[in-house]
Amino acid sequence: MLEILEAGLFTTIQDLGREGYQQFGVTRGGAMDPLALRAANALLGNDAQDAAIEIASPGFIVRALEKCVVSLAGAEFAVRVGERFVPMNSALFMRADEVLRFDAAARGRYAYLAVAGGFEVPKVLGSYATALRDGFGGFGGRALQAGDVLQNQARAAFAIERAGKMLSRAFTNYYTSDAPIRILFGPHDNFFDNAARENFLRTEFFTSEISDRMGTRLFGANIARKTEEVLSCGVTRGAIQVPPDGQPIVLQADHQTTGGYPIIATVIRADIPRLAQKRAGERVSFQSTTMEKAHAAWNELDECIRVT
Amino acid sequence: MNDLNIRVMGDAAVLVEVGETLDVSLNARVHALARELDQVRGVVSIVPGYTTLLLEYDPALCEYDALLQQILRAAESRAASSIQDTRLIEIPVRYGGEFGPDLEFVAQHNGISVEQVIAIHTRDIYQVFMLGFAPGFPYMGIVNEKIAAPRLETPRQRVPAGSVGIAGRQTGIYPRESPGGWRVIGRTDVKLFDAQSEPPTLLRAGDRVKFVNVGNS
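Rules used throughout
Residues numbered from 1 in each chain as written. Chains lettered and ligands numbered in written order. Predicted model: local features only at pLDDT ≥ 70, side-chain atom pairs only at ≥ 80, totals over all residues. Helix = DSSP H or I, 4+ residues; strand = E, 2+ residues; numbered from the N terminus. Rg over C-alpha atoms; globule rule 2.2 N^0.38 Å. Buried ≥ 20, exposed ≤ 12 C-beta atoms within 10 Å, placed from the backbone. Contact = placed C-beta atoms within 7 Å. Core = buried A, V, L, I, M, F, W, Y, C linked by C-beta atoms within 7 Å. Pairing = 2+ DSSP bridges. Axes fitted to C-alpha atoms, helices over the stretch in contact; angles between N-to-C directions.

Please clarify how the overall build of chain A should be interpreted in this entry.
Scanning chain A from N- to C-terminus turns up five helices and 21 strands. Over its C-alpha atoms chain A spans a radius of gyration of 20 Å, differing by no more than 12% from the 19 Å that the globule rule assigns to 308 residues. Dimensions of chain A along its principal axes, counting C-alpha atoms only, are 60 × 40 × 30 Å. Looking at chain A residue by residue over its 308 residues, the buried ones come to 52%. Residue pairs in contact within chain A that sit at least 24 positions apart in sequence constitute 77% of those at least 6 positions apart.

Can you walk me through the nonpolar core in this structure?
General note: in soluble globular proteins, nonpolar side chains tend to be found buried as a group. A39, A40, A73, A111 and Y112 of chain A together with L33 and L55 of chain B are the most contacted members of the largest nonpolar core, which totals 154 residues. Looking at this core, the element that brings in the most residues is helix 1 (residues 34-44) of chain A, giving eight residues. Setting aside residues up to four positions removed in sequence, A111 of chain A forms contacts with A36, I55, L72, A73, G74, A75, F77 and M88 of chain A.

Whenever I open this one, the sheet that holds strand 1 (residues 5-8) of chain B confuses me. Can you help?
Remark on secondary structure: sheet strands pair via backbone hydrogen bonds, oriented parallel or antiparallel. All names here are of chain B. Pairing in this open sheet of four strands is antiparallel, and the strands run 1-2-4-3 from one edge to the other. Whereas interior strands pair on both sides, the edge strands pair on one side only; in this sheet they are strand 1 and strand 3 (43-48). Averaged over all adjacent pairs, the angle separating strand axes in this sheet is 20 degrees, with direction ignored. As paired strands, strand 1 and strand 2 (residues 13-17) are joined by four bridges and run antiparallel to one another. Paired with R7 across the strands is L15, a residue of strand 2. Its contacts with the sheet put helix 1 (residues 24-37) on strand 2, strand 3 and strand 4 (52-57), and the angle it makes with strand 3 is roughly 170 degrees.

This is the structure:
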């Protein structure tokens, strides 16, 4: 059982998102960094689908109302329990009344705090994820606030044996890699000529500070496109829309279910977490890959969340 | 079904295009194809658009090449090219006044009376092309050109829940209060989205809708 003392900004309950409701206009949502959420659950032996707290700003402070085992994964926030610094990407034991505090992050944007057994929040449309814009899911459909108390699932085991577990180096290496973000071109190939595609691959983009849970906005080049809009179609996470101003937007967890901007390319699933963790001003470049390599890269992610 | 294009949208989704123009019968094919593909193993989400279907799939359960074969097979089946019976849902609307601040504009823009706008809007039956923008928001048409109207140049910050609007030759309903640029001609009390219901929306893509004038008092 955890009590939120200070919530910070945009702190929400998330899981791996809602599947199958996009046809009703319901966003998939879920963790901005699904790999880190899976890692936080893996550290505790939880289900991959269990709910965790997504922390997107420093200043998040919680108190354990009883002894518990929690895990931390994702952005490299400076985290203390009492006065003692604790490493990210590990599981730790907290005594009753101990206070855990997030200070500024050295790298990344989103971190996850999970508790052994998962948090007890109701599933709405098959998911624990907070649909913030639409006001449902997670903790009462809203961001967490000071005073909120989060219960463990009734089935939760205390799991003391998980305390001290760490993620392998492969996890941090994944994020610190400066490899380009891999994409598959399409679907709107006929809206972009070869020069536009080459320009897209050649450009070193920067992430904009107005990026949010709906999309990562990039600037650095104007990608030329035909002027007409496409008829709105269903869109998936990672799709790179090019609006009339030519500045690409990569759709992220809370993207709208349909869109009318042409999509030049789509980020492969394996590279979405790395892109989602980029902060304002960080560089992003893209590289074209193949379907086969993209699927192999996805399968290789399992290695990143191996617990030692 | 001829002229089917299957386009890649990343490593776990494909966009199936049945055409490139907004057309009621093309859109009906989208929904027929969606029904055929609903049971394909590994497909986790199907999102209809005007002339497209987005299929999100799990490559661990259904390989890309196998998925393409299944889509082509489904498209060739008789059911996918036949228009099936769809539900007809009536939506009661209070037109004009505080409920429809743009009703006068739509009338003036088209050189007809507000009564004629209401008569035309309630006479035709509309197809739900797709849901999008917000949970439960139906994009419907095709609206008679006599009551077509351009979007607002500057969208409103707050459009009340239930507002019925026109944009170009489409009509839609705002399920909840939100910003919006459609010309609002009336309002309904009907609830279009409820996260606690299954399915969560009153309307589904492919449904037919008829508006009913219930006065504005």
